[in-house]
Structures are given as C-alpha cells and as structure tokens.
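# Commentary on secondary and tertiary structure
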Amino acid sequence: MIIRQAITADTTAIMAVLEAARGIMRASGNPFQWPDGYPTQAMIEEDLANGVGQVFEEDGGVVGYFACIPGPDPTYSYIEDGAWLDDTLPYYVIHRIASFPEVHGIFKGIMEYAGHLTGNIRIDTHKDNRIMQHALEKHGFTYCGIIYLRSGAPRLAYQRMR
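Figured I'd write up the structure that's included with this text. (Residues numbered from 1 in each chain as written. Predicted model: local features only at pLDDT ≥ 70, side-chain atom pairs only at ≥ 80, totals over all residues. Heavy atoms only, no water.)

## Some details on the overall build of the chain
Here is the rule we go by: Only runs of H or I of at least four residues qualify as helices and only runs of E of at least two qualify as strands under DSSP, and these elements are numbered from the N terminus. It is over C-alpha atoms that the radius of gyration is taken, and the globule rule equals 2.2 Å times the number of residues to the power 0.38. Burial status follows relative accessibility: with a 1.4 Å probe on protein chains alone, a residue under 20% of its type maximum counts as buried, one over 50% as exposed, and anything between as partly exposed. What makes two residues a contact is simply this: any of their non-hydrogen atoms within 4.5 Å. The Shrake-Rupley method, run with a 1.4 Å probe, gives the accessible areas here. Residue values count only the displayed protein chains as cover. Positive residues here are Lys and Arg, negative ones are Asp and Glu, while His and the chain termini are left out of the count. Just so you know, the charge point we use is NZ for Lys, CZ for Arg, CG for Asp and CD for Glu.
Of regular secondary structure, the chain possesses four helices and seven strands. Along the chain, from the amino end to the carboxyl end, the secondary structure elements read β-α-α-β-β-β-α-β-α-β-β. In summary, the chain has a C-alpha radius of gyration of 15 Å against a globular reference of 15 Å for 162 residues, a match within 12%. The principal-axis extents of the C-alpha atoms in the chain amount to approximately 40 × 35 × 30 Å. A total of 162 residues make up the chain; the buried ones form 48% of that total. For the chain, the share of sequence-separated contacts (at least 6 apart) that also reach a separation of at least 24 residues comes to 67%. Accessible area for the chain stands at about 8,300 Å²; split by element, carbon and sulfur atoms hold 55% of it. Averaging the positions of the 13 positive and the 19 negative side-chain charges in the chain gives two centres separated by 4 Å.

## Some remarks on helix α4 (residues 130–138)
Working note: α-helix, 3.6 residues per turn, so residues spaced by three or four point in the same direction. The condition that has to hold: The directions from the helix axis to the C-beta atoms form the arc being described.
Here α4 has its buried residues at Met132, Gln133, Ala135 and Leu136. All buried residues of α4 fall inside an arc of 160 degrees around its axis, so they share one side. In α4, the exposed residues that point more than 90 degrees away from the buried face are Arg130, His134, Glu137 and Lys138. Against β4 (92–99), α3 (106–117), β5 (120–125) and β7 (154–161) lie the buried residues of α4.

## Some remarks on the pairing of β4
Condition: Should DSSP find at least two bridges between two strands, the strands are taken to pair. Handedness of a crossover is defined as follows: with both strands directed away from the viewer, a clockwise route from the first strand across the helix to the second makes it right-handed.
Most of β4 is tucked away: seven of the eight residues are buried. Summarising the sheet, β4 and β5 pair through two bridges and their orientation is parallel. Opposite Val93, over in β5, you have Arg122 as the bridge partner. Regarding the hand of the β-α-β motif, the stretch spanning β4, α3 and β5 is right-handed.

## Looking at the pattern of salt bridges
Cut-off, in case you're wondering: Salt bridge, as used here: a side-chain nitrogen of Lys or Arg that lies within 4 Å of a carboxyl oxygen of Asp or Glu.
In this structure the tally under the stated criterion is six salt bridges. Note that Arg4 and Glu57 form a salt bridge whose closest N and O atoms lie 2.5 Å from each other. With Arg4 in strand β1 (residues 2–5) and Glu57 in strand β2 (residues 53–58), this residue pair connects regions lying 53 residues apart in the sequence. Among the residues examined, Glu57 registers a relative accessible area of 18% and is labelled buried. A salt bridge links Asp128 to Lys127; its shortest N-O distance comes to 3.3 Å. What emerges from the salt-bridge pattern is a single network uniting Arg4, Asp10 and Glu57.

Note that every value here comes from positions in space, so none of it alone points to a role or purpose.
Take a look at the structure:
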C-alpha cells in the first residue's frame, strides 16, 4: 500500500471510500458523524485543488483517503475544557480519514506520513467515534478539550507532539 497525492481522476473512488467509512461509523455506534453526504464532493475537490488530499493505493486502486492540512485551522483557535499541549508552534491537521472496512493500517500510515512533515499534529473527532479515539490514544495523542466546527458541532480535540 502506498500513499500519494490525490488527483482529480481519483474523485469517484474517494467518494466511494468516504461512503464506506460512513457505513463503518454507523455500524460501530457512531450515527451522527458525517451526516448528509459529508464530506461533500466539493470539499474533496477543494482538498485536491489545495494539494492536501492524499490517497492510499493498493493494487492500483484507491482504498483510503485523508487530508493533511498545514495549520492554523480556524476551528482550533478556541478550545473549551482544556488546552492545547502547545499553542505557539506550527502544526498540521488531519481531516477526513476514510478507508474501506477490509483495509488495515490506514491510521498508522497517516501518522508515518504526517510525521515526516511535522512533529506537531492535531486532530478532532466526534464523541461517538470510539474507533478513532482508540487509534488516537494508541498513537500517542493527548486529549486536549473540545473544539467547535463552523456548524457549531462539538468535537473532541487531540494533539500529538514529538
């Protein structure tokens, strides 16, 4: 499995991966994250235009997706019931992690990829996303508090620094 920058020709495959990830969330007791077709195709196209979308490719096909975006992220400017480990150094944010259910090692691959860019990574997740919370804890992230998306929805915020 390799990670490469996503291109426009990957859009249909990425949307299929995102739909599969929604199914994983629903099946694992996380019915409210990524509602109504989020992330939208327009969001993915924006990721691609900005050069921040990455795909996992295996046997010539796209099997996973994520966005690795340099901060600052405006939704991370306010954190409630906690604090960032460090709020002065540059960081990257990982968003829109998705894969097909039979694919394993995606989160580890993302951490290796992001670790080559920075030692300071932030990520957020829905309170019902136990799978992601477990992966974050397993990979050395610290729970920092609650952030709010542009929609006003709360998310659990994590940071890992090396």
